[in-house]
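A structural walkthrough
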Amino acid sequence: MGYRTLRQCVSDLQQTGQLVQIAEEVDAHLEAAEIQRRIFAAGGPALLFSNVRNCAFPMVSNLFGTMERVQYIFRDRLEAVRRAIELRIDSSQLMRHPLRYLGAPRTALAMRPKSVRRAPVLANKTTIDKLPQLVSWPDDGGAFITLPLVYTEDPDRPGLQRSNLGMYRVQLSGGQYQQNAEVGLHYQIHRGIGVHHAAAVRRGEKLRVNVFVGGTPAMTVSAVMPLPEGLSELSFAGALAGHRIPMCSHNSGLPIYAEADFCISGTIDPARTLPEGPFGDHLGYYAKVHDFPVLQVEQVYYRDGAIWPFTVVGRPPQEDTMFGQLIHELTGPIIPTVIAGVREVHAVDAAGVHPLLLAIGSERYTPYAKRDRPQELLTQANAILGQGQMSLAKYVLILAEQDVPDLHTHDIAAFLQELLKRVDWTCDLHFQTRTTIDTLDYSGSGLNQGSKVVIAAAGPARRELPVEIPAGFNLPPELCNPRICLPGVLACEVAAGVTFDASTIPLDHPLNRFPLIVLVDDSPFTAATLNNFLWVTFTRSNPAADVDGIGEFTEQKHWGCRGSLIIDARIKPHHAPPLIEDAAVSRRVDRLFAGGGPLSRWG
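All values derive from a computational prediction rather than experimental measurement. The residue numbers shown here count from 1 along each chain, following its written sequence. Two thresholds apply to this predicted model, a pLDDT of at least 70 for residue-level local features and 80 or more for giving and counting side-chain atom pairs, whereas whole-chain, interface and lining totals are computed over all residues. To get the side-chain values, all heavy atoms of the structure are used, and hydrogens and water are removed first.

A few points about the side chain of Thr152
You can see Thr152 is positioned in strand β7 (residues 149-153). Think of it in three bands: residues with accessible area under 20% of the maximum for their type are buried, residues over 50% are exposed, and the middle band is partly exposed, with areas taken using a 1.4 Å probe on protein chains only. Residue Thr152 is classed as buried on the basis of its relative accessible area of 0%. Polar side-chain contacts of Thr152 include one of 2.8 Å to the side chain of His196. Every helix listed is a DSSP run of H or I at least four residues long, and every strand listed is a run of E at least two residues long, numbered separately from the N terminus. Any pair of nitrogen or oxygen atoms within 3.5 Å is treated as a polar contact; in protein, a donor-acceptor pairing is required on top of that, and neighbouring residues in sequence qualify only through side-chain atoms on both sides.

Pasting the structure below:
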């Protein structure tokens, strides 16, 4: 009934040929991360690094590297969790189909975390500098924990059921941290720990924090799962693991996850922050240095035979892409029950998750009338932007299921084409300016500061989308090197030393045959793959600042354009730098993937 420890999972994967042990010495500084990125891209196995340079602890990565392996790890529990979700959506299903839900009581029991007296994780003590010092990218500000399970309780109402378990990055070294006494704790807006931190600040007391590493893989998935209010991560982890999560009372006053491999125990001083970062993050750029809370370390524990799990984030897809797919698989059916009229939602991984969100809703307001303008779709888009982490979406694109009954949001290319066929740029753009965006998105005007746009399109198709550049097509002199990204989407570079002004382009210019034009630094790269287009366009633009149009107008504070919409997705001076591997490290890693090396099969 699921793995109780990380070692059980690692041993099972090794016995079934889904994990490869690397006996050669590997450095946690850049080498391990480079190997992980390559093996993930190749669809390879989980990796156990048993000989980590200057470190006594083995490291494991790529546990969640393929959906097949994710499904194997949770093979005994996924169906039970799906059925528990079905009952949460409609509890009357239990009476109508009792045989289908025979396991529901067992799952309900597993969702109750239990207090235990013994905790294997408390067997040994160490210091921060003895832990694996994983550095993933050349310009990272130090070593980081990339799969931390950060546990806090509400100071006003402590207890397991009102606890929060989140995955917030932890900086172990570098910067201004006092070695072995302090680590950085970076959490973004709309995170549960923020509520607990605010309560501690209000009470004028330190917030107790335990950072767990390892344990059952169910705890890792639970820490990234967007759960509804009232359902704790410990409860979800128990359902996914198939057993009650054991929490041990501790003299610090905060329970410790008994089966964790490691635990860093300490407190956050409400009045103290230090610069954290930089860190190569999931948008494919470095998160810059900013002040974040400091965890004052009291104890570092580890269990006998402890293994240090890690992942690497960077430009998607990476291993965390699999988390997104699992989350969608498990929570997708809940969406229509949370937001009336919305059939499905997809946060696009290739665009960095939060920058681009696709949705299919419904138009039911006036079923008797001709539909050629979005109505209920706008209500639904606003509701989406009011839901937890979905509120961080920067571009929300929504279509009506009545127009595209067979379309799904995960068919991204088809979705974009259906939207471009129907959209009316004079009325279908709806901006929110000077609002909050993802902490890691530097396309805006400052930390957490930027804008959003909802593009809602409904009704019949208005245009055919060009699939090639017409013969004799002449660009305005400011633009060059055009490339087709998708039907109806043209990427262009701006000629060196000139400024492009869309107001100089007449409405009868053939450029307007393309409903969407993207200004980029490298058009062949942008158009080479769908993922390139999504990454460049939506991570490098801030809607209010970078969306322009031919024949633009403002009427009663509504902005629109009568010709092509233009998104300036060029890199700007205030953007964060993109992630680039260290060439010397890449050459050193080549030995493992060369003929005769342990990973030559995936080289």
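What follows picks up the thread again.
Side note on the side chain of Asp154
Relative to the helices and strands, Asp154 is located in the loop between β7 and β8 (163-166). Here Asp154 is buried and forms no salt bridge, its nearest opposite-charge partner Arg157 lying at an N-O distance of 4.1 Å. Within the structure, the side chain of Asp154 is placed 2.9 Å from the backbone nitrogen of Asp156, a separation counted as a polar contact. Any two residues whose heavy atoms approach within 4.5 Å are treated as being in contact. Among residues more than four places away in sequence, those in contact with Asp154 are Arg162, His196 and Ala199. Within this scheme the basic residues Lys and Arg register as positive and the acidic residues Asp and Glu register as negative, but His and the chain ends are omitted. Between Lys or Arg on one side and Asp or Glu on the other, a salt bridge is scored when a side-chain nitrogen of the former is within 4 Å of a carboxyl oxygen of the latter.

Structural notes on the sheet that holds strand β3 (residues 59-61)
Strand pairing is assigned whenever DSSP detects at least two bridges linking the two strands. Across the sheet, which stays open at both edges, the four strands sit in the order β1-β2-β3-β18 with mixed pairing between neighbours. Each edge of the open sheet is held by one strand with a lone partner, namely β1 (19-22) and β18 (308-310). For this sheet, the mean angle separating the axes of adjacent strands, direction not counted, is 20°. Across the face of the sheet, helix α1 (residues 6-15) comes into contact with β1, β2 (46-49), β3 and β18 while running at roughly 100° to β1. The axes used here are C-alpha line fits, helices contributing only the stretch in contact, and every angle between their N-to-C directions lies in the interval 0 to 180 degrees.

Details of the pattern of salt bridges
Tallying each qualifying case throughout the model produces 28 salt bridges. As a salt-bridge pair, Arg53 and Asp27 come within 3.2 Å of each other at their nearest N and O atoms. You can see Arg53 sitting in the loop between β2 and β3 and its partner Asp27 sitting in the loop between β1 and α2 (31-41), a full 26 residues away along the chain. Linked through salt bridges whose partners overlap, the residues forming this network are Glu34, Arg37, Arg38, Glu581 and Asp590.

Quick look at the pairing of strand β23 (residues 449-457)
Counting buried positions along β23 gives eight out of nine residues, so the element sits mostly inside the fold. Relative to β23, strand β21 (residues 395-400) runs parallel, the two being bridged by five bridges. For Leu399, the partnering residue across the bridge sits in β23 and is Ala457. Bridge count between strand β22 (residues 429-436) and β23: six bridges; the pairing is antiparallel. Across the sheet, residue His430 finds its bridge partner in β23, namely Val454.

A word on the packing of aromatic side chains
Ring pairs shown here join Phe, Tyr and Trp side chains whose ring centres sit within 6.5 Å, with only the six-membered ring taken for Trp; geometry is labelled stacked below 30 degrees between planes, edge-to-face above 60, and tilted in between. All told, the structure shown has 16 aromatic pairs when counted by the stated rule. Summarising the aromatic geometry, the rings of Phe144 and Phe279 are spaced 4.5 Å apart at their centres and angled 50° between planes, so their arrangement reads as tilted. Of this pair, Phe144 sits in strand β6 (residues 144-145) while Phe279 sits in strand β15 (residues 279-280), placing them 135 residues apart in sequence. For the residue pair Phe144 and Phe279, the accessibility class agrees, reading buried in each case. When the ring of Tyr285 is compared with that of Trp535, the centres are 5.3 Å apart and the planes differ by 15°; the resulting orientation is stacked. Pair noted here: Tyr285 is in the loop between β15 and β16 (286-287) and Trp535 is in helix α15 (residues 530-539), with a separation of 250 residues, a long-range link. With respect to burial, Tyr285 and Trp535 carry one shared label: buried. Three or more aromatic residues joined by ring pairs form one cluster here, namely Phe57, Phe262, Tyr302 and Trp308. Across the ring face of Tyr72, the terminal group of Arg75 is positioned such that the distance to the ring centre comes to 4.0 Å. Distance and angle both matter: a charge sits over a ring if NZ of Lys or CZ of Arg is within 6 Å of the ring centre and within 35 degrees of the ring normal.

Observations concerning the pairing of strand β29 (residues 558-561)
Where strand β28 (residues 552-555) and β29 come together, four bridges link them in antiparallel fashion. Looking across to β29, one finds that Glu552 is bridged to Cys561.

Observations regarding the packing of helix α8 (residues 217-224) against helix α10 (residues 320-331)
Where α8 contacts α10, the axes come no closer than 10 Å and their chain directions differ by 80°. It follows from the interaxial angle that α8 and α10 lie roughly perpendicular. The residues of α10 that touch α8, namely those facing Thr220, Val221 and Val224, are Phe323, Leu326 and Ile327. Side-chain classes follow a simple rule in which Ala, Val, Leu, Ile, Met, Phe, Trp, Tyr, Cys and Pro form the nonpolar group, Asp, Glu, Lys and Arg form the charged group, and the remainder, Gly included, forms the polar group. Partitioned by chemical class, the residues of the contact of α8 with α10 number five nonpolar, one polar and no charged. An angle below 35 degrees is read as roughly parallel, one above 145 as roughly antiparallel, one from 65 to 115 as roughly perpendicular, and any other as oblique.

Let's talk about unusual backbone geometry
With omega at -5°, the peptide bond leading from Gly277 into Pro278 counts as cis. Examined against the element boundaries, Pro278 turns out to sit in the loop between β14 (262-276) and β15. Here Pro316 and Pro317 are connected by a cis peptide whose omega angle stands at 5°. With respect to the secondary-structure elements, Pro317 resides in the loop between β18 and α10. One non-glycine residue, Leu30, adopts positive backbone phi at about 75°. If you check the backbone angles, Asn481 has positive phi at about 55° while not being a glycine.

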